[in-house]
Amino acid sequence: MLSSNLFRRIQIRSIMSNNTSGPVADAIKEKLTAAFTPLHLEVRNESHMHKIFHSNSTFSRSRFDNRPKGSETHFKVIVVSTKFNEARTPIAKHRLVNDVLREEVAGPVHALSIVAMTPEKWQETLEKGEMIGASPSCRGGDGSLPKRN
């Protein structure tokens with residue numbers, strides 16, 4: 001069971017962490033909040049860490065560029081909810097989140113990184129002082145492309 005002190009800490013951290021704004025991020029927050037009543041929720045827009053591919057009629061003119069400012073295509077969500085207690089495996093938890101965000105994943109969201117935890121697992125994470133970092137930076141596709149100079 002979560003202590004009241006930890007629960008307050010989770011609530012405060014959640015409020016401070018939700019600084020991503022934009023229509024897609026807002027829709028993700030609303031849907032996850034409605035579906036899971038989370039003790040902690042972070043929606044991180046990581047679009048700035050990824051590149052987009054531009055292709056002209058010839059391969060030699062193709063290039064990768066950084067995403068335009070304000071892009072909302074790559075997200076990491078961290079959701080802590082008692083609703084994950086019944087989901088026995090990480091993939092089951094991920095399926096629950098993907099089902100809720102079906103429209104976003106089919107449309108504007110190109111990539112979604114999911115961290116879904118029970119309150120007990122979240123408490124263990126906090127007690128160990130572990131942090132959930134950002135996703136790795138984009139390497140351009142599968143990483144097999146030559147590096148730009």
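The rules behind each value
- Residues take numbers from 1 onward in each chain, read along the sequence in its written order.
- Only residues with pLDDT of 70 or above have their local features reported here, since the model is predicted, and side-chain atom pairs are shown and tallied only from 80 upward, although totals for entire chains, interfaces and linings are computed over all residues.
- Excluding hydrogens and water, the side-chain figures rest on all heavy atoms present in the structure.
- UniProt positions are given in the numbering used here, feature names are shortened, and annotations may be inferred rather than shown by experiment.
- For the purposes of this entry, the term helix denotes a DSSP run of H or I that reaches at least four residues, the term strand denotes a run of E that reaches at least two, and both are numbered from the N terminus.
- Accessibility here uses a 1.4 Å probe with only protein chains present; expressed as a share of the type maximum, an area under 20% marks a residue as buried, one over 50% as exposed, and anything in between as partly exposed.
- In this tally, Lys and Arg are treated as positive and Asp and Glu as negative; His is ignored, and so are the chain termini.
- The working definition used for a salt bridge is a side-chain nitrogen of Lys or Arg within 4 Å of a carboxyl oxygen of Asp or Glu.
- Polar contacts, as used here, are pairs of N or O atoms within 3.5 Å; protein pairs need one atom able to donate a hydrogen and one able to accept it. Residues neighboring in sequence count only if both atoms are side-chain atoms.
- Note on contacts: a residue pair qualifies if any of its non-hydrogen atoms lie within 4.5 Å across the two residues.
- Each helix should span, by expectation, one fewer than its residue count multiplied by 1.5 Å.
- Note: the arc covers the axis-to-C-beta directions of the helix.

The protein has the name BolA-like protein in an unreviewed UniProt entry, where Cyclotella cryptica is given as its organism. You can read under Sequence similarities (unreviewed entry) in the UniProt record for the protein the words "Belongs to the BolA/IbaG family."

S.K.: Explain the side chain of Lys-93 here, please?
M.R.: By secondary structure assignment, the location of Lys-93 is in helix H3 (residues 90-100). It is Glu-120 that comes nearest to the buried, bridge-free Lys-93 among opposite-charge side chains, at 9.3 Å. A distance of 3.0 Å separates a polar atom in the side chain of Lys-93 from the backbone oxygen of Ala-87. With sequence-adjacent residues up to four places away left out, Lys-93 is seen in contact with Phe-84, Ala-87, Arg-88, Ala-116 and Thr-118.

S.K.: Could you clarify how one ought to interpret helix H2 (residues 23-36) in this entry?
M.R.: Given 3.6 residues per turn, any residue in an α-helix points the same way as the ones three and four places further on. Taking 1.5 Å of rise per residue, 14 residues should cover 20 Å, and H2 covers 20 Å from first to last C-alpha, within 8% of that figure. Residues of H2 that are buried: Val-24, Ala-25, Ile-28, Lys-29, Leu-32 and Phe-36. For H2, the angular spread of the buried residues around the axis is 135°, confining them to a single face. Facing away from the buried side of H2, by more than 90 degrees, are the exposed residues Pro-23, Glu-30 and Ala-34. Next to the buried residues of H2 lie strand E1 (40-45), strand E4 (74-80), H3 and helix H4 (102-106). In the segment just after H2, Thr-37 is the residue with positive phi, at about 40°.

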